[in-house]
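A closer look at the structure
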Amino acid sequence: MRNRLLARTLVAPAHLHIACAAAALLCCLPLLFPGMLPASVTQDLTPCLGAGILVALALSLLLLGASACLSLAHLRNLRALGLVVAWAFIWGMGAGAFCLVALLANVPAPPEPKAPEPIQTTDTLHSADEPLLSPGSMVIPISTEGMPADKLCQAPNLCLLEEKHPQLLKQYMDRSPRWEPDMADKAFYSRPDHLVLALRPQGLVHVAFLRLAGGKELPEGYMVFKPGEAVPKAKDAKEQIPDVALDLGGDHYLLLAWRGTAHAETAWKAVNAAISCIDSRFKRLAESPTHETVLRMLDENKSIPGTAPEMRLCAVPTQEGCYQAEFYVNTHEGGTLQVRIIRLDTGKLIGAYSMPARVSARQGELLRHDLPGSVPAWARSGNKLAQDSPLFSVAEADKPDSFGVAFELWFTPYMNADEHRMLLRRCYSVQPYTAGRDSEKVLDTLMKEEK
């Protein structure tokens, strides 16, 4: 019985070809009409639908091959040719039906890839809130999702390093622009050059390491906690939480000061997000506590894939007019990069920084150049901040005043000092450096935005 059914199928397989073509067409419908199913379902089914189309086509081809071989074995050459013609006709009709349905669906053409344009020809202003990749970035965005509000998070990597490798921890902090291990000022958060973890728009977590060696004492106003310790319950939901000194079990304390909307639950979650974020950045050193790991951590993210130069600018929220920038470029030859800052409304050059160009022979690789980190100390005279500061200023004024500037990146090769090539131009809205406007005034701005 089975042999007779199989033979009948191989002799007249047209109905199975029609079924396979119809199945393939049905698999195409959710792809042509994404609104048929919820977006999440369509996204999950897309690989299965593609596989279904291939399986239907492969099954039909396999059946055609078996039928044609059977006919040729019985010397029925014309019948074998007829089977091939019939298969082509059925799948041709299926393809025609697909084209008709696609026309009805009016599927838009895929967008043509736009070539990157590093040289901005207009004066459209970008916001100075772009995330930086450098290990010296002073602003890190955080999220409170999944963070507890009744106790502090654990800090296993920091505690392990403090217990077994305190010298490596100190070595890293001494060389990283993010940290000042001798930060003993109670109000360190009023100065611009410290790490900030931003929970926008609710507020900021100001962070610093404090080393209490040699009889130093913890500044007043901080409440000491151990990792995992329960936090005091707030009497009022809007009660301001205390500044936290996280005891790592040795000489080092992690100072965390929340400045933002006065909501205790949000504040404790933000502090925990900051602890978790910082501890995760020391995981590599905890797993491989060597001097080489310290050097790699200080020089990570030194390149990105790409061919067109890129720029990123980030404003530091602790002080008006303080910025960090990253330029990604590969000149493929030795030379000098010069950053020119031009005020758009006057056309006046208000700042210039020079740095040696980093070069790589690899194609499709852009090397990171930090501003001001890559600029030699002797060439930072135009910066209104300290020469060793990880931040730079664009201009100085007595009061804040937003204005537009153009950052131009020029290259001069060592072999031809008369050649000057513009590699990048990008415009931003910036503010001048206004000494005295500290994080408490930034806090007022954040609270107004929240209201």
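Positions within a chain are numbered from 1, following the residues in the order the chain's sequence is written. Note on the predicted model: pLDDT of at least 70 is required for a residue's local features to be given, and 80 or more for side-chain atom pairs to be given and counted; whole-chain, interface and lining totals, by contrast, use all residues. The side-chain figures draw on all heavy atoms in the structure; neither hydrogens nor water molecules are used.

**Here we look at the overall build of the protein**
To keep it simple, the criterion reads: Helix numbers and strand numbers start at the N terminus; a helix is a DSSP run of H or I with at least 4 residues, a strand a run of E with at least 2. Only protein chains enter the accessibility calculation, which uses a 1.4 Å probe; a residue is then buried when its area is under 20% of its type maximum, exposed when over 50%, and partly exposed in between. Contacts are assigned to residue pairs that have any heavy atoms within 4.5 Å of one another. Method for areas: the Shrake-Rupley scheme with a 1.4 Å probe, in which residue coverage is limited to the protein chains shown.
Summing up its helical and strand segments, the protein has 10 helices and 15 strands in all. When burial is assessed residue by residue, the protein has 43% of its 451 residues classed as buried. Taking contacts inside the protein between residues at least 6 apart in sequence as the whole, the part at least 24 apart equals 71%. For the protein, the exposed area adds up to about 24000 Å²; of that, 58% sits on carbon and sulfur atoms.

**With respect to the packing of helix H2 (residues 14–32) against helix H4 (residues 77–105)**
Filter applied, for reference: Angular values range over 0 to 180 degrees, each being the angle between N-to-C directions of two axes fitted as lines to C-alpha atoms, with helices fitted over their stretch in contact. What sets the label is the angle itself: under 35 degrees gives roughly parallel, over 145 gives roughly antiparallel, 65 to 115 gives roughly perpendicular, and the rest give oblique. Crossings are sorted by hand: turned counterclockwise from the far helix by less than a right angle, the near helix makes the crossing left-handed, and turned clockwise it makes it right-handed. When residues are sorted by character, Ala, Val, Leu, Ile, Met, Phe, Trp, Tyr, Cys and Pro go into the nonpolar class, Asp, Glu, Lys and Arg into the charged class, and all the rest, Gly among them, into the polar class.
The geometry of H2 relative to H4 is characterised by a closest axis approach of 10 Å and an angle of 20 degrees between their N-to-C directions. Classified by the interaxial angle, the pair formed by H2 and H4 is roughly parallel. Classified by chirality, the crossing of H4 by H2 is right-handed. Of the residues in H4, those touching H2 at Ala14, His17, Ile18, Cys20, Ala21, Ala24, Leu25, Cys28, Leu29 and Leu32 are Trp87, Ile90, Trp91, Gly94, Ala97, Phe98, Val101, Ala102 and Ala105. Partitioning the contact of H2 with H4 into residue classes produces 17 nonpolar, 2 polar and no charged.

**Comments concerning unusual backbone geometry**
Only a minority of non-glycine residues have a phi that is not negative, and only a minority of peptide bonds are not trans. Of note, the amide linkage connecting Arg200 to Pro201 takes the cis form, showing an omega dihedral of 5 degrees. As for its placement among the helices and strands, Pro201 is situated in the loop between strand E2 (195–199) and strand E3 (203–211). Here the amide bond leading from Leu371 into Pro372 is cis, since omega sits at 15 degrees, within 30 degrees of zero. Following the sequence through the fold, Pro372 ends up in the loop between strand E12 (365–371) and strand E13 (392–393). Its identity is not glycine, yet Asn301 carries a phi of approximately 55 degrees, on the positive side.

**Overview of the environment of Val55**
Tracing the backbone through its elements, the reader meets Val55 in helix H3 (residues 39–73). With relative accessibility at 55%, the residue Val55 sits in the exposed group.

**Looking at the sheet that holds E3**
The criterion, for reference: By the convention used here, strands pair only if DSSP detects at least 2 bridges between them.
Within the open sheet, the 6 strands sit side by side as E1-E2-E3-E6-E5-E4. Their pairing is mixed. Where the open sheet ends on each side, the last strands, each with one partner, are strand E1 (139–141) and strand E4 (222–225). For this sheet, the mean angle separating the axes of adjacent strands, direction not counted, is 25 degrees. Relative to E3, E2 is paired through 5 bridges, and the arrangement is antiparallel. Within E3, the residue paired with Leu197 across the bridge is Val205. The strands that helix H7 (residues 264–281) touches are E1, E2, E3, E4, strand E5 (243–247) and strand E6 (252–260); relative to E6, the one it contacts most, it runs at about 140 degrees.

**Examining helix H6 (residues 166–175)**
Because each turn of an α-helix spans 3.6 residues, side chains separated by three or four positions in sequence point in the same direction. Put simply, the rule is: Our arc is simply the arc of the directions from the helix axis toward the C-beta atoms.
Within H6 the residues assigned to the buried category are Leu168, Leu169, Tyr172 and Met173. Seen end-on, H6 carries its buried residues on one side only, within an arc spanning 130 degrees. Summarising the contacts, the buried residues of H6 are in contact with helix H5 (156–164), E3, E6, helix H8 (283–287) and helix H9 (291–298).

**A closer look at the sheet that holds strand E11 (residues 349–356)**
Overall, antiparallel pairing links the 4 strands, which are arranged E11-E10-E14-E15 in an open sheet. Single-partner strands in this sheet number two, and they are E11 and strand E15 (421–430). Put simply, the sheet's adjacent strands are angled 20 degrees from each other on average, direction ignored. In this sheet, strand E14 (residues 403–413) lies alongside strand E10 (residues 335–343) in antiparallel orientation, the contact comprising 9 bridges.

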